[in-house]
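Architecture at a glance
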Amino acid sequence: MPQPWQDTSLSAEDRAAALLSSMTLEEKLAQLVGVWPGSEAEEGEDVAPLQHEVSEAVDLDGLLPHGIGQLTRPFGTSPVEPAEGAAALARLQARIAAGNRFGIPALAHEECLTGFFAWRATVFPTPLAWGASFDPALVGRAAELIGGSLRSAGIHQGLAPVLDVVRDARWGRTEESIGEDPYLVATIGTAYVRGLESAGIVATLKHFAGYAASRGGRNHAPVSIGPRELADVILPPFELAVRDGGARSVMHSYNDLDGVPSAANPWLLTELLRDTWGFTGTVVADYFGVSFLELAHRVAGTRGGAAGLALAAGVDVELPAVRCFGTPLREAVRAGEVDEALVDRAALRVLRQKCELGLLDADWSPMPAALAEPAGPAGPDGIDLDPPEMRAVARELAEESVVLLADDGDVLPLAPDARIAVVGPLADDPAAMLGCYTFPRHVGVEHPGLPLGIEVPTLFAALRAELPGARITHAEGCAAPGPAASAGDAGGTASAGAAALTAESRLAQAARTAADADVCVAVLGDRSGLFGRGTSGEGCDAADLELPGEQGALLDTLVATGTPVVLVLFTGRPYALGRWSRLLAAAVQAFFPGEEGGPAVAGVLSGRVNPSGRLPVSVPYTPGGQPWTYAQPPLGLRGDASSIDPTPLFPFGHGLSYTSFAWERPEADAADVPTDGETTVRLTVRNTGDRAGTEVVQLYLHDPVARIARPVSRLIGYARVPLRPGESAEVHFAFHADLASYPLGADGTRVVEPGALELRLASSSADSGVRHTVPLTLTGPERTVDHRRRMVCEVRVK
């Protein structure tokens, strides 16, 4: 006879409540903590902030009688063959379930920002590349595949997506973000959430909230923004992902908001997230975030005090390991310093989620699908985490994310029989494709001699395969950016002889190689890493947006040869290119495009792929003048009051194609729209070139007069329009008046006010990108709207 909490005919809420009523305080607290097996044995560099200072030995035997809430990174801590990892996780889960009197297994979580965070798993493009694709459907498909892979190996929760809106590109985690526009971040991020959740994986939104708006772009630095900026820019992506995406978990951010750490902010984690937005899932701590209330923010004097603050604010689970929510919290409850009802509140949420995941069902088995299924092509003893289907989607997403920044029309596409010099420290380096939240760059670099585990073609190799009739030569030109590569560094391909070259001899060799070619492809950018061990990534913040290392001097040298130079950038953030704006034959931007990034960029250079990526972040003209994003009020733009001109070299939304498009004059169903009404704007787009291509039509809103200073232009809709030569399509944008709302009050109250508006159909956020304008007038009374407002402009392409 199953126990009430095992009865699937009951609701998850009732099952969880029945189990909770039978548990001791110690058993309830056990559900609120994570365990990170093996992390204390890793002797390399930290992969989480202050990991080795805060981590403590795990007494698994001592924890088992009360149970364990979560397992931290069972695949993403050290290299393990997929089948061995799945089997080890199954054994551990069986042990955990057998060790407590209710038979409760742990919920296993893993990183999944660029795919399943495991050795030998597919590495998809980084989120900044998702934004460049402007393709929510494809991002959702990638997430669905990632989720299926996680679930098949016994993982229940994925720590993605990152919904931080980029406010300062000097921030090292820019590569993990989707872009600088809240609408783009919200729509792309929500698509990822839907895909992950559709596969049965709990999606975790991070980092809630304001993390990317830190002072000076410094990781963990305080955030000093007003309530209107918070409501208008920072919160909408989370709002949409909770409401429309169905996300079941949220991770608090490390920063404070105007002095209040997010982990101790009841307004943020309870009043807004739960009471207003209706979120019913779990709030998990960013790694060691509860401890940081004591050790970093210093708003608590003890571990128990930190636990009490976090629990009261709404944090349900301490990750990655038990430090505050264990004995310190138990003692605080026993002493009457923390109300046990708060423990019950969090434990009920955790148990309810375990019910929803089937972990409390009577027939639950620790055996993951990948081991339980009959032998397939890979067989149960050889789980394939990088199957052809996933590589195909990774390739498609990489191809769609490549942005053609500039093209004089004389060099690209490359001639199939050209003499091509491929120059740069990243030209023949697989690491150029990989962000810091990929297994090879995050964990693999700590294991000298470890193979990548997946095939990651370099651009040099991919170009040789793409253009077999061309004569392609290679020179490094300068040292790779960032700290010297270790023996285990992904893609450290330079020979000992090349490594011994002086900076001057490297430049001279590069100049000779370029001068002897018809065209030079300069391959520059970032090497990702963690906490200063790279030029991009968590804890790798930049002082300015100058190309890192010696790469600027290398580009100067190559341009000076007189050979046409095509600049290819593999980066985790935009870099200032104004110095070379009139000197390059073409420029191509790829944001850590993943394992298929080399062939994707080679396809763009050869012309096999017609580029369709658009910038999710502005590319600055000069390396200073930060922070800046395109959605500025009038005084945030260029003006006579300041000697600094923030106008970017390439604006948000910019991207070129090898074909041309004509946009016919649009029509709107109505010019007068009630403040609670909508109208449809129709635009015909025609491919007037001689090859197939995809145009990205962007819809911006301009509000000429408002009661607070508003952005001159902000994105409210977009559509990818694939067309064959001569083909046309009609794009329909369903504009609702709610999309014109803005936060008027300091409490976040949003209004839709009557008056004149202008819709701008554009190829970028710049004035020069505006193709057509559609004037509208909102009529009727002013309306107050809330989180139930229309947040998405529905688009149809016919």
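In case you missed it, the structure is sitting above this.
Presented here is an overview of the structure given in this document. (Residues numbered from 1 in each chain as written. Predicted model: local features only at pLDDT ≥ 70, side-chain atom pairs only at ≥ 80, totals over all residues. Heavy atoms only, no water.)

Another point: the pattern of salt bridges. Within this structure, the stated rule accounts for 53 salt bridges. The closest approach of N and O atoms between Arg173 and Glu176, which form a salt bridge, is 2.7 Å. The buried category is assigned to Arg173, whose relative accessible area is 2%. Judged by relative accessible area, Glu176 falls into the buried class, the value being 1%. Here Arg349 makes a salt bridge to Asp316, at a shortest N to O gap of 2.8 Å. In this pair, Arg349 is assigned in helix H15 (residues 340-356) and Asp316 in the loop between helix H13 (303-313) and helix H14 (327-334), connecting sequence segments 33 residues apart. Under the relative-accessibility criterion, Asp316 is labelled buried at 1%. Through salt bridges with shared partners, a single network forms among Asp386, Arg391, Arg395, Glu399, Glu466, Glu595, Glu596 and Arg608. (Salt bridge = Lys/Arg side-chain N within 4 Å of Asp/Glu carboxyl O. Buried < 20%, exposed > 50% of the residue type's maximum accessible area, 1.4 Å probe, protein only. Helix = DSSP H or I, 4+ residues; strand = E, 2+ residues; numbered from the N terminus.)

Scanning the model with the defined rule gives 16 aromatic pairs in all. Between Phe134 and Tyr718 the ring centres are 5.2 Å apart and the planes differ by 80 degrees, which places this aromatic pair in the edge-to-face class. Here the residue Phe134 occupies a position in the loop between helix H6 (127-133) and helix H7 (136-152), and Tyr718 occupies one in strand E21 (residues 714-723), the gap between them amounting to 584 residues. In this structure Phe134 comes out as buried when scored by relative accessible area, which is 1%. Note on Tyr718: relative accessible area 9%, which makes it buried. With 5.0 Å between their ring centres and 80 degrees between their planes, Trp171 and Tyr211 make a pair best called edge-to-face. Taken as a pair, Trp171 in the loop between strand E4 (157-159) and helix H8 (182-198) and Tyr211 in the loop between strand E5 (202-208) and helix H9 (227-234) lie far apart in primary sequence, 40 residues in all. Looking at Trp171, the relative accessible area reads 0%, which means it is buried. Residue Tyr211 is classed as buried on the basis of its relative accessible area of 0%. By way of ring pairs, the aromatic residues Phe134, Tyr183, Tyr630, Phe652, Tyr700 and Tyr718 are connected into one cluster. (Phe/Tyr/Trp six-rings, centres within 6.5 Å; stacked < 30°, edge-to-face > 60°.)

At a minimum axis distance of 7 Å, the contact between H7 and H8 shows a crossing angle of 30 degrees. Pair H7 / H8 crosses with right-handed handedness. Residues Pro136, Val139, Gly140, Ala143, Glu144, Ile146, Gly147 and Leu150 of H7 form the contact with H8, whose own contacting residues are Thr187, Ile188, Ala191, Tyr192, Gly195, Leu196 and Ser198. The class makeup of the residues in the contact of H7 with H8 is 9 nonpolar, 5 polar and 1 charged. (Axes fitted to C-alpha atoms, helices over the stretch in contact; angles between N-to-C directions. Left-handed = near helix turned anticlockwise from the far one by under 90°. Contact = heavy atoms within 4.5 Å. Nonpolar A, V, L, I, M, F, W, Y, C, P; charged D, E, K, R; others polar.)

The next subject is the sheet that holds E21. Here 5 strands make up an open sheet; going across it, the order is E18-E26-E25-E20-E21 and the pairing mixed. The open sheet has two edge strands, strand E18 (672-674) and E21, and neither has a second partner. Across this sheet, the average inter-strand angle for adjacent strands is 30 degrees, counted without regard to direction. As defined by bridge partners, strand E20 (residues 693-702) adjoins E21 across 9 bridges and the pair is classed as antiparallel. Within E21, the residue paired with Tyr700 across the bridge is Leu715. (Pairing = 2+ DSSP bridges.)

With antiparallel pairing, 3 strands are arranged side by side in an open sheet as E23-E24-E27. Of all strands in the sheet, those with a lone pairing partner are strand E23 (742-743) and strand E27 (783-785), marking the two edges. Bridge count between strand E24 (residues 750-752) and E27: 3 bridges; the pairing is antiparallel. Its bridge partner lying in E27, Arg750 is registered against Val785.

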